[in-house]
Amino acid sequence: MIRPQLSTDGLAVRLPIAERAEQLLDSLALAFAEDTDAVGRLLTKHAANVVLLDHAVVSEDMPEYERAMRAAAADGSREALLAEAPPADDLDDLLDPDTAITLAGRITRLAAHIDPGAGRITRRLAARIRHRRTNRSPRP
């Protein structure tokens, strides 16, 4: 699960993802070592798609449909690369309601250290969610 922390300067809440990025890079490196030609072509194609997408995003006269097509091409080549790194499927945390509320509480407590007034709205929201979850009527 994500372990929120205060940033080193104490002005923000940090959600560290470096460990997940390391897993992804390791998986990609292993896939590249196993099939250099195929993964190399995928990386080259994805790089070209990313460059085309970046150009479309910053270009003022690029039609919206062209941006969408280039974004779809970049998404497709990214997905093909992720398919070559099987452990990448485990990068996203899937949180059940209790775990999500716990994480929200941790983030809220850390945010309250930065700005004591910041946590009030989130605490109210968490209380409402808990109340709704415990006071559900049985569905027919």
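The model shown is predicted, which means the values in this text are computed figures rather than measured ones.

The next point concerns the overall build of the protein. When its secondary structure is counted, the protein shows five helices and two strands. When the helices and strands of the protein are read in sequence order from the N terminus, they spell out β-β-α-α-α-α-α. The proportion of buried residues among the 140 residues of the protein is 21%. Within the protein, contacts between residues at least 6 apart in sequence are counted, and of these 57% link residues at least 24 apart. Just so you have it, the protein exposes about 10400 Å², and 57% of that area is on carbon and sulfur atoms.

Before going further, it helps to examine the packing of helix α1 (residues 18-34) against helix α2 (residues 36-58). Look at α1 against α2: their axes get within 5 Å of each other, and the N-to-C directions meet at 125°. In terms of their interaxial angle, α1 and α2 are classed as oblique. Two secondary-structure elements touch here, α1 through Leu28, Ala31, Phe32, Ala33 and Glu34 and α2 through Thr36, Val39, Gly40 and Leu43.

Interaxial distance between α2 and helix α3 (residues 64-83) falls to 8 Å at its minimum, and their mutual angle equals 155°. Accordingly, the angle class assigned to the pair α2 and α3 is roughly antiparallel. In terms of crossing hand, the pair formed by α2 and α3 is left-handed. Only Arg67, Arg70, Ala71, Ala73, Ala74, Ser77, Arg78, Ala80 and Leu81 of α3 make contact with α2, whose side of the interface consists of Val39, Leu42, Leu43, His46, Asn49, Leu52, Leu53, His55, Ala56 and Val57. Considering only residue class, the contact of α2 with α3 consists of twelve nonpolar, four polar and three charged.

Moving on, we come to the pattern of salt bridges. The final tally for this structure, using the stated rule, is three salt bridges. Two residues, Arg67 and Glu64, come together in a salt bridge whose shortest N-O distance is 3.4 Å. In this pair, Arg67 and Glu64 both sit in helix α3, three residues apart, roughly one turn of the helix. Glu64 sits in the exposed class, given a relative accessible area of 57%. Residues Glu66 and Arg70 are paired through a salt bridge, measuring 3.0 Å at the closest nitrogen-oxygen approach. One end of the pair, Glu66, and the other, Arg70, are both in helix α3, four residues apart, so they sit about a helical turn from each other. Residue Arg70 is classed as buried on the basis of its relative accessible area of 17%.

The rules behind these values
Residues numbered from 1 in each chain as written. Predicted model: local features only at pLDDT ≥ 70, side-chain atom pairs only at ≥ 80, totals over all residues. Heavy atoms only, no water. Helix = DSSP H or I, 4+ residues; strand = E, 2+ residues; numbered from the N terminus. Buried < 20%, exposed > 50% of the residue type's maximum accessible area, 1.4 Å probe, protein only. Contact = heavy atoms within 4.5 Å. Areas by Shrake-Rupley, 256 points an atom, 1.4 Å probe, with all protein chains shown as cover. Axes fitted to C-alpha atoms, helices over the stretch in contact; angles between N-to-C directions. Parallel < 35°, antiparallel > 145°, perpendicular 65-115°, else oblique. Left-handed = near helix turned anticlockwise from the far one by under 90°. Nonpolar A, V, L, I, M, F, W, Y, C, P; charged D, E, K, R; others polar. Salt bridge = Lys/Arg side-chain N within 4 Å of Asp/Glu carboxyl O.

That is the geometry; function is a separate question.
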